[in-house]
Amino acid sequence: MPKLLLLALLTLEFAAAQSPAAEVKALANPAQAPALAQQWVRQSRERVDAVGALLLTGEPADQRKARGVLNDLDELVLPWLTEAPGLRPADEAWRLRTLAEETNQWRRRAAQAIDRQLANREPIPRDPRARSEEPEPLRRVCDEAYRAMLELLQGSEAAGREMRLHWQLPEGRRDAAIRSLRQRPAWRALLR
């Protein structure tokens, strides 16, 4: 085996044995981060796809095992669930229930994380590289949490319109808007 090929294989083997933190630290620059992330996503999806294929084509006992594994993969199973082809009716019903359950669980978790930051008045430092025609209002963590809350409740487009108005308000009125939306039944229900 040529020395160069052997060196390349050893390098790949070493990289595969590294911890995820070590792999990130080994990046030559931040521009390589998306490629590493995509590699990890691809590896995760390959495993899920293999279990999904077993659900589609395996023996009944193996199909039950595959469904059990897919049930416990949390958010990792969502891409497979949204694209699962050719399921039998009972598996299709399971897929739809699981997709709704996982999505609702993550919406609730996201809402809880957002809710914890709605009282965080810490300022967000301005980006010194950003140049704006108009002076930008002081951005705070709670304002970004408010934007995220609006997106969960109303969607991105409506949240964008609401935020254009929000930024025009003085801080006290922005705080009142945050408190008001936080008490709405739709938000309270999402937290449960």
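Here, every reference points to the structure presented above.
Conventions we followed
- Residues numbered from 1 in each chain as written.
- Predicted model: local features only at pLDDT ≥ 70, side-chain atom pairs only at ≥ 80, totals over all residues.
- Heavy atoms only, no water.
- Helix = DSSP H or I, 4+ residues; strand = E, 2+ residues; numbered from the N terminus.
- Buried < 20%, exposed > 50% of the residue type's maximum accessible area, 1.4 Å probe, protein only.
- Contact = heavy atoms within 4.5 Å.
- Areas by Shrake-Rupley, 256 points an atom, 1.4 Å probe, with all protein chains shown as cover.
- Expected span 1.5 Å × (residues − 1).
- Salt bridge = Lys/Arg side-chain N within 4 Å of Asp/Glu carboxyl O.
- Phe/Tyr/Trp six-rings, centres within 6.5 Å; stacked < 30°, edge-to-face > 60°.
- Lys NZ or Arg CZ within 6 Å of the ring centre and 35° of its normal.
- Axes fitted to C-alpha atoms, helices over the stretch in contact; angles between N-to-C directions.
- Parallel < 35°, antiparallel > 145°, perpendicular 65-115°, else oblique.
- Left-handed = near helix turned anticlockwise from the far one by under 90°.
- Nonpolar A, V, L, I, M, F, W, Y, C, P; charged D, E, K, R; others polar.
- Polar contact = N/O pair within 3.5 Å; in protein donor to acceptor, adjacent residues only side chain to side chain.

Per the secondary structure count, the protein chain includes ten helices and zero strands. Per-residue burial over the protein chain gives 24% buried out of 192 residues. Taking as baseline every contact in the protein chain between residues at least 6 positions apart, the subset at least 24 positions apart corresponds to 54%. Of the roughly 13300 Å² that the protein chain leaves accessible, carbon and sulfur atoms contribute 57%.

For helix α3 (residues 33-57), which comprises 25 residues, the first-to-last C-alpha distance of 36 Å matches the rise-based estimate of 36 Å (1.5 Å per residue) to within 8%. Here α3 has its buried residues at L36, V48, G52 and L55. Residues of α3 that are buried sit in contact with α2 (20-25), α4 (60-71), α5 (78-83) and α6 (89-117).

Within the structure shown, the criterion is met by 14 salt bridges. Note that R182 is salt-bridged to D115, the shortest N-O span being 3.0 Å. Taken as a pair, R182 in helix α9 (residues 171-182) and D115 in helix α6 lie far apart in primary sequence, 67 residues in all. Looking at R182, the relative accessible area reads 22%, which means it is partly exposed. Where R161 meets E157, a salt bridge forms, and the shortest distance between an N and an O atom there is 3.2 Å. Of this pair, R161 and E157 both sit in helix α8 (residues 156-166), four residues apart, which is roughly one turn of the helix.

Next up on the list: the packing of aromatic side chains. Scanning the model with the defined rule gives zero aromatic pairs in all. Residue placement shows R109 over the ring face of W106; its charged tip is 4.6 Å from the ring centre.

What follows concerns the side chain of D91. With respect to the helices and strands, D91 occurs in helix α6. Looking at D91, the relative accessible area reads 5%, which means it is buried. If sequence neighbours within four positions are ignored, D91 has contacts with L55 and R67.

This brings us to the environment of A145. Position of A145 among the secondary structure elements: in helix α7 (residues 141-154). A145 sits 25 residues away from N120 along the chain, and the two C-alpha atoms are 8.8 Å apart. Setting aside its immediate chain neighbours within four residues, A145 contacts I114, Q117 and L118.

What follows deals with the packing of α6 against α7. To describe two helices that pack against each other, one gives the angle between their axes and the distance between the axes. In the contact formed by α6 and α7, the axes pass within 8 Å of each other and the chain directions differ by 155°. Viewed along their axes, α6 and α7 adopt a mutual orientation that is roughly antiparallel. For α6 against α7, the interelement crossing comes out left-handed. Taking contact as the criterion, the partners of R107, A110, A111, I114 and Q117 in α6 are, on α7, V141, C142, A145, A148, M149 and L152. Broken down by class, the residue content of the contact of α6 with α7 amounts to nine nonpolar, one polar and one charged.

You can see R95 is positioned in helix α6. Here L81 takes part through its backbone oxygen, which lies 2.3 Å from a polar atom of the side chain of R95. Of the polar contacts made by the side chain of R95, one reaches the side chain of E92; its length is 2.6 Å. If near-sequence neighbours (up to four positions away) are discounted, R95 is found in contact with L81, T82, E83, A84 and L87.

Purely geometric numbers; function is a separate question.
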